[in-house]
Amino acid sequence: MERVTASRRGGPAKISLKSIIGVKLDVKENEGRVKDTRDIFQKAFLSIKTRLKSIRVRLTAWYISLLAAILIGFSILVYVSMEKSLYNDLDETLQARADQIEAAVRVRPEGFALVEESISHPKISSQSHTPSILAGIPFIVLDLKGTPRISSGPSSKALPIGPDAIGPAMRGDSLIGTLRIGNREVIRFLSSPLTVGDKQIGVVVVGRSLYSLESTLARLRLILGSLIVAGLIFAGMSGYFMAWRALAPIDTITRTARKITVEDLTLRLNFRGADDEVGRLAHTFDEMLNRLDEQFQKERQFTADVSHELRTPLAIIRSTSDVALRDPNPTLEGYRSALSNIRKEAVRLSRIVEDLLFFARADFHQLRLDITAININELIGDVFDYGVRLASPKGIEIEYFPKHEALEPRDRNLVTVKGDRAQLMRMFINLIDNAVKYTPPGGKVSIETQISENLICVSISDTGPGIPSEDLPRIFDRFYRVDKSRTHHDFSEAERTSASGTGLGLAIAKTIAELHGGTITVKSELGKGSRFNVTLPREA
């Protein structure tokens, strides 16, 4: 079907299918344009919203707000002071004009008269209100009936002479007020009692337009408003620029931090700016990255070491079982030997898993310690007995030298530490085992105890091959072994194999010492043996 028939105004019309498709395509294209425009506006809105949330915008806003409050407060103070000063000056001028008129009025039989010669009466003489200044102020003199008697001319017609304006003056009180005439003209007037001697004879009303005063105040408002707007614009621009300059290193830190990943922690900020808050933040960030990098390196090495340590016994177990199962002529003795080897490797696996579990609990502070008072002499005595059984098969001499320099022998209860006996026993056994393991036959292992006022120090030394100085800082790392230097040429192949260990004994010993508030250090020299010193706080 190529065409569709439709009716329009009573007559048939033919519309091609191509036209309909074209209209639909145009509608879709317009919808796409509308969607693109909407996306652009949304992105622009989000960008503006993000910028408004930035620290520099908030700092600038606070700066502008504070400055606006100061400028507005100062402007209000200036404006109010100026307005009060201008009105006070005007009121003083009106009072001076009223005093001038009062001094110039004379009472005649025919009525009131104004004596021009009295215009410089001492009562109204002053530097700020000279006769020439006062002469332009209109006035009206009324009698006590409120009838105008003397006026300054047509300009005085705007002055109020109603009861509200002159009533207080009739009673002997002065009145200062403001009167609006029409929509624009505003007059400041003063009604004052007119006295001759001590007798009031009438009222004098003087007034002046406020047009000049209001114009002055309007100009002052314009000037102050313009200064506020200009000051805020300048303060906003300069404040934003200073905030941008001050926080620019933060953007650098952010961009650098986004580039840092777990796979690559070698990137650093290397901030070269001033040693201010931002500079210290950057240096602290680099130090944190150093610690994280070091920790991740240790974790990677630890994972690799664990994989290696677990792979070896598992491979032995698998190969031993495969050989036993493939033996075409199996014997009971062959199966017994295979099971013995498998059991040996299983024990080794169990020991590794237990050690790893110990570290996991210690790292997450979940290792529970049964803290009791422990006599160090009794504890080291048990460790010595274990060491004798361990060293005898290798022909190694082991000796124990207890020393109590600061305490009497009878003070056995004072030779105590607070700790978990099982864990402390494990720590010293690991050190004894390490010493015996790396001491050649015919060598010697010594245990020495020294007790001071607050500390108990236990030293375990051997006559083994020693540890190279470059390996001493890492000797307590997990799975770290100094195989080349510690497996001395005096060892047999079997002894070198048995001395390989897992590399966790010293790390466990150090962790236990730290859990008890103590320390463990090592001193070693190649060819002269090693000395491990354990220091624990003595029970008070």
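Structure: see above.
Numbering of residues starts from 1 in each chain and follows the order in which that chain's sequence is written. Per-residue local features are limited, in this predicted model, to residues with pLDDT of at least 70; the limit for side-chain atom pairs, both in listing and counting, is 80 or more; totals at the level of whole chains, interfaces and linings are taken over all residues. Side-chain measures here rest on the full set of heavy atoms in the structure, leaving out hydrogens and waters.

1. Some words on the sheet that holds strand β7 (residues 175-181)
So, step 1. Across the sheet, which stays open at both edges, the five strands sit in the order β6-β5-β9-β8-β7 with antiparallel pairing between neighbours. Only two strands of the sheet have a single partner each, and these edge strands are β6 (148-151) and β7. Between one strand axis and the next, the sheet turns through 25 degrees on average, direction left out of account.
So, step 2. In terms of strand pairing, strand β5 (residues 139-143) meets strand β9 (residues 199-209) through five bridges, oriented antiparallel. Directly across from L142, in β9, lies its bridge partner V203.
So, step 3. Along the sheet, helix α2 (residues 55-104) makes contact with β5, β7, β8 (185-196) and β9, crossing β8 at roughly 40 degrees. Here the rule is simple: two strands pair whenever DSSP picks up at least two bridges between them. Helix and strand assignments come from DSSP, with helices taken as H or I runs of at least 4 residues and strands as E runs of at least 2, each series counted from the N terminus. Only C-alpha atoms enter the line fits that serve as axes; for helices the fit covers just the stretch in contact. Angles between N-to-C directions range over 0 to 180 degrees. Here a residue-residue contact requires only that any non-hydrogen atoms of the pair lie within 4.5 Å.

2. As for the packing of helix α5 (residues 211-259) against helix α6 (residues 277-326)
Each packed pair of helices is defined by two parameters, the angle between the axes and the distance between the axes.
So, step 1. Put simply, α5 and α6 touch, their axes get as near as 9 Å, and they point 15 degrees apart. Considering the angle they form, α5 stands roughly parallel to α6. Of the two elements, α5 crosses α6, and the hand of that crossing is left-handed. Taking contact as the criterion, the partners of A246, P249, I250, I253 and A257 in α5 are, on α6, V278, L281, A282 and F285. Any angle from 65 to 115 degrees is called roughly perpendicular, while one under 35 is roughly parallel, one over 145 is roughly antiparallel, and all others are oblique. In this scheme, a crossing is called left-handed if the near helix is turned counterclockwise away from the far one by less than a right angle; it is called right-handed if the turn is clockwise.

3. Section: the pairing of strand β16 (residues 529-537)
So, step 1. For β16, the buried fraction is high: seven of the nine residues fall into the buried class.
So, step 2. Alignment of strand β14 (residues 455-462) against β16, held across seven bridges, turns out to be antiparallel. Bridge pairing in β16 links I460 to F532.
So, step 3. Of the strand pairs in this sheet, strand β15 (residues 519-525) and β16 are connected by seven bridges, and their pairing is antiparallel. Note that in β16 the partner of T521 across the bridge is N533.
So, step 4. Count of turn residues in the β15/β16 antiparallel hairpin: three residues, of which G527 carries a positive phi of about 85 degrees. Residue burial is assigned from relative accessible area. The probe radius is 1.4 Å, only protein chains are included, and a residue is buried under 20% of its type maximum, exposed over 50%, and partly exposed in between.

4. Here we look at helix α9 (residues 421-437)
So, step 1. The span expected for a helix works out to 1.5 Å for each residue beyond the first. Relative to the 24 Å expected for 17 residues at 1.5 Å per residue, α9 spans 24 Å between its end C-alpha atoms, a close match to the ideal helical length.
So, step 2. With 12 of its 17 residues buried, α9 lies for the most part within the structure.
So, step 3. All of the buried residues along α9 are Q423, L424, M425, M427, F428, I429, N430, L431, I432, N434, A435 and V436.
So, step 4. Throughout this description, a polar contact denotes any pair of N or O atoms lying within 3.5 Å of each other; where both atoms belong to protein, one of them has to be capable of donating a hydrogen while the other can accept it, and for residues adjacent in sequence the pair is counted only when both atoms sit in side chains. Between the side-chain oxygen at the start of α9 and the backbone nitrogen of A422 there is a gap of 3.0 Å, and the oxygen is on D420.

5. Observations concerning a nonpolar patch on the surface
So, step 1. A cluster of nonpolar residues, Y63, Y240, F241, M242 and W244, forms a patch on the protein surface that exposes about 520 Å² of accessible area.
So, step 2. If you tally residues by element for the nonpolar patch, the top one is α5, at four residues.
So, step 3. Tracing the backbone through its elements, the reader meets Y63 in helix α2. Patch definition: residues above 30% relative accessible area lacking any salt bridge, with like charges linked at up to 9 Å and the nonpolar side chains Val, Leu, Ile, Met, Phe, Trp and Tyr linked at up to 5 Å. Each accessible area is a Shrake-Rupley result for a 1.4 Å probe, and residues are judged covered by the shown protein chains and nothing else. Should a side-chain nitrogen of Lys or Arg be within 4 Å of a carboxyl oxygen of Asp or Glu, the pair is scored as a salt bridge.

6. With respect to unusual backbone geometry
So, step 1. The phi dihedral of H365 is positive, around 55 degrees, even though this residue is not glycine.
So, step 2. Using a relative accessible area of 74% as the deciding quantity, one classes H365 as exposed.
So, step 3. At F479, a position not held by glycine, the phi torsion is positive, near 65 degrees.
So, step 4. Note that F479 resides in the loop between β14 and α10 (483-486).
So, step 5. By relative accessible area, F479 is classed as buried at 6%.

7. Regarding the pattern of salt bridges
So, step 1. Counted by the stated rule, this structure contains 14 salt bridges.
So, step 2. In this structure, the salt-bridge partner of D91 is R188, at a minimum N-O distance of 2.9 Å. Here D91 is found in helix α2, whereas its partner R188 is found in strand β8, with 97 residues between them in sequence.
So, step 3. On the accessibility criterion, D91 (14% relative accessible area) is buried.
So, step 4. Taking relative accessible area as the criterion, R188 reaches 14% and is therefore assigned buried.
So, step 5. Of the charged contacts, one joins D433 and K437 as a salt bridge, the two residues approaching to 3.5 Å between their closest N and O atoms. On the criterion of helical spacing, the pair formed by D433 and K437 is a turn pair, its members being four residues apart in helix α9.
So, step 6. You can call D433 partly exposed: its relative accessible area is 24%.

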